[in-house]
Each structure stands twice: as C-alpha cells, then as structure tokens.
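Here are the chains, one letter per residue:
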Amino acid sequence: MERTVQPRDYVSPEGLQYDVGLRKYLTGVFAYMGGGLVVSALVAFAVANVAPVTALIFGTPLKWVAIFAPLALVMFASFRFERLSVGALQGLFWGFAALMGVSLASALLMFTGTSIVQAFLSASIIFLTMALWGYTTKRDLSGWGSFLMIGLIGVIGASIVNLFLASGALAMAVSVIGVIIFTGLTAWDMQRLRNEYLAHQGAGGVAIQAHLGKLQIMGALSLYLNLINLFQMLLSLFGQRQEG
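Cut-offs used in this document
Residues numbered from 1 in each chain as written. Predicted model: local features only at pLDDT ≥ 70, side-chain atom pairs only at ≥ 80, totals over all residues. Heavy atoms only, no water. Helix = DSSP H or I, 4+ residues; strand = E, 2+ residues; numbered from the N terminus. Buried < 20%, exposed > 50% of the residue type's maximum accessible area, 1.4 Å probe, protein only. Lys, Arg positive; Asp, Glu negative; His and termini not counted. Charge placed at Lys NZ, Arg CZ, Asp CG, Glu CD. Axes fitted to C-alpha atoms, helices over the stretch in contact; angles between N-to-C directions. Parallel < 35°, antiparallel > 145°, perpendicular 65-115°, else oblique. Left-handed = near helix turned anticlockwise from the far one by under 90°. Contact = heavy atoms within 4.5 Å. Nonpolar A, V, L, I, M, F, W, Y, C, P; charged D, E, K, R; others polar. 1 Å grid on protein atoms, 1.4 Å probe; cavity = no way out; pocket = protein on both sides within 12 Å on 5 of 7 lines; lining within 4 Å. Points joined across faces, edges and corners; volume = space filled by probe spheres on them. UniProt positions renumbered as here; feature names shortened; annotations may be inferred. Patch = residues over 30% accessible without salt bridge, like charges linked within 9 Å, V, L, I, M, F, W, Y side chains within 5 Å. Areas by Shrake-Rupley, 256 points an atom, 1.4 Å probe, with all protein chains shown as cover. Salt bridge = Lys/Arg side-chain N within 4 Å of Asp/Glu carboxyl O. Core = buried A, V, L, I, M, F, W, Y, C linked by side-chain atoms within 4.5 Å. Polar contact = N/O pair within 3.5 Å; in protein donor to acceptor, adjacent residues only side chain to side chain.

**Let's talk about the overall build of the protein**
Tallying secondary structure elements over the protein gives 8 helices and 0 strands in all. Along the protein, helices and strands appear, N-terminal first, in the series α-α-α-α-α-α-α-α. C-alpha atoms of the protein, sized along the principal axes, occupy 80 × 35 × 30 Å. Relative to its 244 residues, the protein shows a buried fraction of 39%. Taking the 13 positively charged and 9 negatively charged side chains of the protein as two groups, their mean positions are separated by 7 Å.

Put into structure tokens, the structure is as follows:
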C-alpha cells in the first residue's frame, strides 16, 4: 500500500482549522482582558484625581464596598455561570472591571508613579512568560489545580484578616506567597483555556457556541485577576510610598 509522505512543515486541514479556531478563541479572551484593564485604569485615574470622589469613597465606609464588591461579583459570576447568559456575563465583567478601578485608585494615592509603572511592567513580564509557557508546554498542569486553589483561598483569607490587623510581616508573607500562587495560576489557566477549547472544538450548535462565549469571558476574568494580583503583590513588596 502506498503512503503519501508530507513535508515536515505540513499542517493538515483539520489541524489548521483547530489552530485558527484556538487563536481566534484566545484572541477574544485577551481582547476582553485588555478592555477590562483599560476600563480599570481609566476609572482608577478618575477616582484618584477627582478630590470629591476620592474623599467620598476613601474617606467614608464606601471604601469597604470598593474592597469587597469586586470579590462579590467574581463569586456571583462563578456560582451562577450556568444560568447566566453571555450578555449578563459581559455586563458583570465590565462592572467588575469598573469596580476594580475604584479599588485600584488607592494604589495611585499610596505609591509613586514610578513604582506603579515598574510593578506593572514586572507583573506583565511574569504574566506573559507564564502564559506563553502554559500555552505551549506539553506537561500536564492539571495536577497544580488543587494546590493553587488552596493557596489562593489562603491568600484571600489572610488578606482579609490583615485589613483589620495591619501587620507588616503578614502583608509581606501574603505578597510573597501571592506572587508564587498567581504566577502558577497564569500557566494553569492558559493550559485550562486551551484544553476547554479543545474539548468543544468541532462541536456545533448555538448552545455550544454560547457556552464557549461564556467560557471566553470567564477566562478573561481569570487572567485579568492573575495579572492585577501579581501587580498588587509586587507593588506591596517593592513599591515606594508617596511622602506626606
């Protein structure tokens, strides 16, 4: 029986379709994420630079809303994922990004501009490196999930406790562990997103496409949180506070 020999760089039509589809899917994930970062940055800048708004939020109990509202939205979207429509998830995502901008305004008020830029660039380098590795590696990272989730819960719990204790030592420990956790989560989430698309690749139907659209939004939310938390942890560790 004859066997057709293909060039080494040959890509089958099926493989090409999968690659194009996966790239389109992940492009959508990063488009949502990038849009969320822009919304957060604009809101943070506005809140930090409009004195009456700054005083209203950070000089009153509303600061607790700014701190806990984003977490509440994430939990709501996660628990109600199956019942929410794509449009509802989009609304929650943009609302979350705006609320995170309000919360991040405190960083603009506390740290120097140079520290903020350095921390964000450092977080971005770590994020992009780990995202690329998670996307390309052949190593199965699914076993990391339980460890990372336990660590994430611990970091969130310790951070909430330290809002009341204001312990410098605890804050440093949380930041160091947080950098490790969110670095790992970036790679894990990228591989998870790739595998989720693979699991649905080739399936037709409006319901499947809607489900993929919802997974796309939640994937953007996960990656957004990884980058922003890396930024906040690095800023807490190495940022220079404003004088006065």
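That was the structure; now back to the text.
**Thoughts on the packing of helix H6 (residues 144-165) against helix H7 (residues 168-200)**
Direction vectors running N to C along H6 and H7 enclose 150°, while the axes themselves pass 9 Å from each other. Put simply, H6 runs roughly antiparallel to H7. Of the two elements, H6 crosses H7, and the hand of that crossing is left-handed. On H7, the residues that touch Trp144, Gly145, Leu148, Met149, Gly151, Leu152, Val155, Ala158, Ser159, Asn162 and Leu165 of H6 are Leu170, Ala171, Val174, Ile177, Gly178, Ile181, Phe182, Gly184, Leu185, Ala187 and Trp188. Partitioning the contact of H6 with H7 into residue classes produces 16 nonpolar, 6 polar and no charged.

**Overview of empty space enclosed by the protein**
Using the criterion set out here, one finds 1 cavity of 30 Å³ or more in the structure. A volume near 50 Å³ is recorded for the largest cavity. Lining the largest cavity, in full, are Leu73, Val74, Ala77, Leu89, Leu92, Phe93, Phe96, Ile217 and Leu221. Ranked by residues supplied to the lining of the largest cavity, first place goes to helix H4 (residues 86-110) with 4 residues. Taken together, the residues of the lining of the largest cavity break down into 9 nonpolar, no polar and no charged.

**Quick look at the UniProt feature "transmembrane region" (unreviewed entry) in the protein**
The UniProt feature table records "transmembrane region" (unreviewed entry) at residues 29-50, 62-79, 91-110, 116-135, 147-165, 171-188 and 217-238. The distance from the first to the last C-alpha atom of residues 29-50 is 32 Å, and the span holds 95% helix and 0% strand. With 100% helix and 0% strand, residues 91-110 has end C-alpha atoms that lie 30 Å from one another.

**Describing the environment of Met110**
As for its position among the elements, Met110 is in helix H4. Residue classification places Met110 among the partly exposed positions, given a relative accessible area of 34%. Put simply, Met110 and Gln240 are 130 residues apart on the chain and 8.6 Å apart in space, counted from C-alpha to C-alpha. What Met110 contacts, discounting residues up to four positions off in sequence, is Arg241 and Gln242.

**Brief notes about a nonpolar patch on the surface**
A contiguous nonpolar surface patch, about 370 Å² in accessible area, is contributed by Trp64, Ile67, Leu163 and Phe164. Only helix H3 (62-79) and H6 provide two or more residues apiece to the nonpolar patch. Relative to the helices and strands, Phe164 is located in helix H6.

**Overview of the nonpolar core**
Within the largest apolar cluster, 62 residues are counted, with the highest numbers of intra-cluster contacts made by Tyr25, Met33, Leu89 and Tyr224. For this core, the elements supplying multiple residues, two or more each, are helix H1 (13-49), H3, H4, helix H5 (113-136), H6, H7 and helix H8 (206-238). Examining the composition of this core, we find that 15 residues originate from one element, H8, more than from any other. Those residues in contact with Leu89 that lie beyond four places of it in its chain are Ala77, Phe81, Leu84, Lys214, Ile217 and Met218.

**What about the environment of Thr60?**
Structurally, Thr60 can be placed in the loop between helix H2 (51-58) and H3. With 96 residues separating them in the primary sequence, Thr60 and Ile156 have C-alpha atoms 23 Å apart. Looking at Thr60, its side chain comes within polar contact range of the main-chain oxygen of Leu56, at 2.4 Å.

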